[in-house]
Amino acid sequence: DYLDGRITKEEFIKTRGTEAAQDGAKYALNLFGYFTNQQYQKTGQEVVLDIEKEIEKDGKYDRLFRLTNQFIEWLKVDHLDILVHTSNNQKVPIRKHSSSSIHVAVSHVRAYYEEFGQIDFPDRKFRRMVKLPKKIKFEPYALTKDEIKQMCNRSSTHRKVLYMILKDTGLRISEALLIKKRDFIL
């Protein structure tokens, strides 16, 4: 119905763009659902609607930010009691998430607040009130000769050739994958 202003969870996921983005949104909302079910015995949709009603009454967004911070803390620990289905139909527990995956999950849930919950809040206030974990930056380092030998010894012939080309030429993986047999003069 065109007069109904609220989208469903499924419609929200479909509007995410690429299939990978849709899968990410679905996964994040499922995690949010597990969280709200465990914490409040309610679905994620029910919790968002409850918060929307309370914000309409008093205009205070603090409860939304507290909920998001609780979700972040929930994502930081293992939940061995909650088993989820994987793509190959196995049941695995929810493990703690890395800081970058927490950022992605929170961004999807935040968009869900805005689009499904119709909750409008200032971006600056959200960034100030929600405590996202710092992303860990790894310093790149060159592989040692020993590490390269181990990789080559444990890989297939095709992969071994690829690794040797990368090692000897300094090409990026995408550049090396563009090389054709006709490019070689033997």
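Residues numbered from 1 in each chain as written. Predicted model: local features only at pLDDT ≥ 70, side-chain atom pairs only at ≥ 80, totals over all residues. Heavy atoms only, no water.

Colleague: Just checking my understanding: could you explain the overall build of the chain for this structure?
Modeller: The helix and strand inventory of the chain stands at nine helices and two strands. The N-to-C order of helical and strand elements in the chain reads α-α-α-α-β-β-α-α-α-α-α. A globule of 186 residues ought to have a C-alpha radius of gyration of about 16 Å, yet the chain, at 23 Å, is considerably larger. With the principal axes as the frame, the chain shows a C-alpha extent of 75 × 40 × 40 Å. Counting over 186 residues, the chain shows a buried share of 28%. Side-chain charges of the chain comprise 34 positive and 26 negative groups, with the mean position of each set lying 7 Å from the other. (Helix = DSSP H or I, 4+ residues; strand = E, 2+ residues; numbered from the N terminus. Rg over C-alpha atoms; globule rule 2.2 N^0.38 Å. Buried < 20%, exposed > 50% of the residue type's maximum accessible area, 1.4 Å probe, protein only. Lys, Arg positive; Asp, Glu negative; His and termini not counted. Charge placed at Lys NZ, Arg CZ, Asp CG, Glu CD.)

Colleague: Would you take a moment to explain the nonpolar core for this structure?
Modeller: Nonpolar side chains tend toward joint burial in soluble globular proteins. Counting residues in hydrophobic clusters, the biggest one holds 34 residues, and the most contacted among them are Phe 32, Leu 64, Phe 71, Trp 74 and Tyr 113. If you list the elements that add at least two residues to this core, you get α1 (9-14), α2 (19-40), α3 (44-58), α4 (62-75), β1 (79-85) and α5 (99-115). Dropping the residues within four chain positions of it, Leu 64 is found in contact with Ile 51, Ile 55, Tyr 113, Ile 119 and Phe 121. (Core = buried A, V, L, I, M, F, W, Y, C linked by side-chain atoms within 4.5 Å. Contact = heavy atoms within 4.5 Å.)

Colleague: Explain the pairing of β1 here, please?
Modeller: In regular strands, side chains alternate between the two faces of the sheet. Where β1 lies against strand β2 (residues 91-94), four bridges are found, and the strand directions are antiparallel. Across the sheet, His 85 pairs through a bridge with Lys 91, a residue of β2. A loop of five residues connects β1 with β2, the two strands running antiparallel in sequence, and Asn 89 in this loop sits at a positive phi of about 60°. (Pairing = 2+ DSSP bridges.)

Colleague: Is there a simple way to explain the packing of aromatic side chains in this structure?
Modeller: For any pair of aromatic rings, the description consists of the separation of the ring centres together with the inter-plane angle of the planes. Applying the stated criterion to the full structure yields twelve aromatic pairs. With a centroid separation of 5.3 Å and 90° between ring planes, the pair formed by Phe 32 and Phe 71 is classed as edge-to-face. Of this pair, Phe 32 sits in helix α2 while Phe 71 sits in helix α4, and the two are 39 residues apart along the sequence. The residues Phe 32 and Phe 71 share a single accessibility class, namely buried. These aromatic residues form a ring-pair network of at least three members: Phe 32, Phe 35, Tyr 40, Phe 71, Trp 74 and Tyr 113. The ring of Phe 12 carries the charged tip of Arg 16 above its face, separated from the ring centre by 4.1 Å. The aromatic ring of Phe 126 is capped on one face by Arg 110, whose charged end is 4.3 Å from the ring centroid. (Phe/Tyr/Trp six-rings, centres within 6.5 Å; stacked < 30°, edge-to-face > 60°. Lys NZ or Arg CZ within 6 Å of the ring centre and 35° of its normal.)

Colleague: Would you take a moment to explain the environment of Gly 24 for this structure?
Modeller: Considering the arrangement of structural elements, one finds Gly 24 in helix α2. Spatially, the C-alpha atom of Gly 24 lies 8.9 Å from that of Ile 13, the residues being eleven residues apart in sequence.

Colleague: Would you mind showing me how to read a nonpolar patch on the surface here?
Modeller: Residues Tyr 141, Leu 143 and Met 151 make up a contiguous nonpolar surface patch of about 330 Å² in total accessible area. With respect to the element layout, Tyr 141 can be found in the loop between α6 (123-129) and α7 (145-153). Classification of Tyr 141 as exposed rests on a relative accessible area of 62%. (Patch = residues over 30% accessible without salt bridge, like charges linked within 9 Å, V, L, I, M, F, W, Y side chains within 5 Å. Areas by Shrake-Rupley, 256 points an atom, 1.4 Å probe, with all protein chains shown as cover. Salt bridge = Lys/Arg side-chain N within 4 Å of Asp/Glu carboxyl O.)

Colleague: Would you take a moment to explain the environment of Ile 185 for this structure?
Modeller: Relative to the elements of secondary structure, Ile 185 occurs in the segment after α9 (173-177). Placed 162 residues apart in sequence, Ile 185 and Asp 23 show a C-alpha to C-alpha distance of 45 Å.

Colleague: Mind showing me how you'd approach helix α8 (residues 157-169) here?
Modeller: Every α-helix winds through 3.6 residues per turn, so residues three or four apart in the chain are directed the same way. Given a rise of 1.5 Å per residue, 13 residues ought to cover 18 Å, and the 18 Å separating the end C-alpha atoms of α8 matches this to within 8%. Gly 170, located one to two residues past α8, shows a positive phi value of around 80°. (Expected span 1.5 Å × (residues − 1).)

Colleague: Hey, could you run me through the side chain of His 108 in this one?
Modeller: Tracing the sequence through the fold places His 108 in helix α5. Residues in contact with His 108, not counting those within four places in the same chain, are Phe 12, Arg 16, Ala 21, Gly 24, Ala 25 and Ala 28.

Colleague: I'm lost on the pattern of salt bridges in this one. Help?
Modeller: If the charged atoms of two oppositely charged side chains come close together, the side chains can form a pair. If you walk through the whole model with that rule in mind, you get eleven salt bridges. Between Arg 16 and Glu 115 there is a salt bridge whose closest N-O contact spans 2.7 Å. Remark: Glu 115 occurs in helix α5 and Arg 16 occurs in the loop between α1 and α2; sequence separation between them is 99 residues. Judged by relative accessible area, Glu 115 falls into the partly exposed class, the value being 32%. The salt bridge partner of Arg 95 is Asp 78, with a shortest N-O separation of 3.8 Å. Of this pair, Arg 95 sits in the loop between β2 and α5 while Asp 78 is found in the loop between α4 and β1, placing the two residues 17 residues apart along the sequence. Via salt bridges that share partners, Arg 110, Glu 114, Asp 123 and Arg 127 belong to a single interconnected network.

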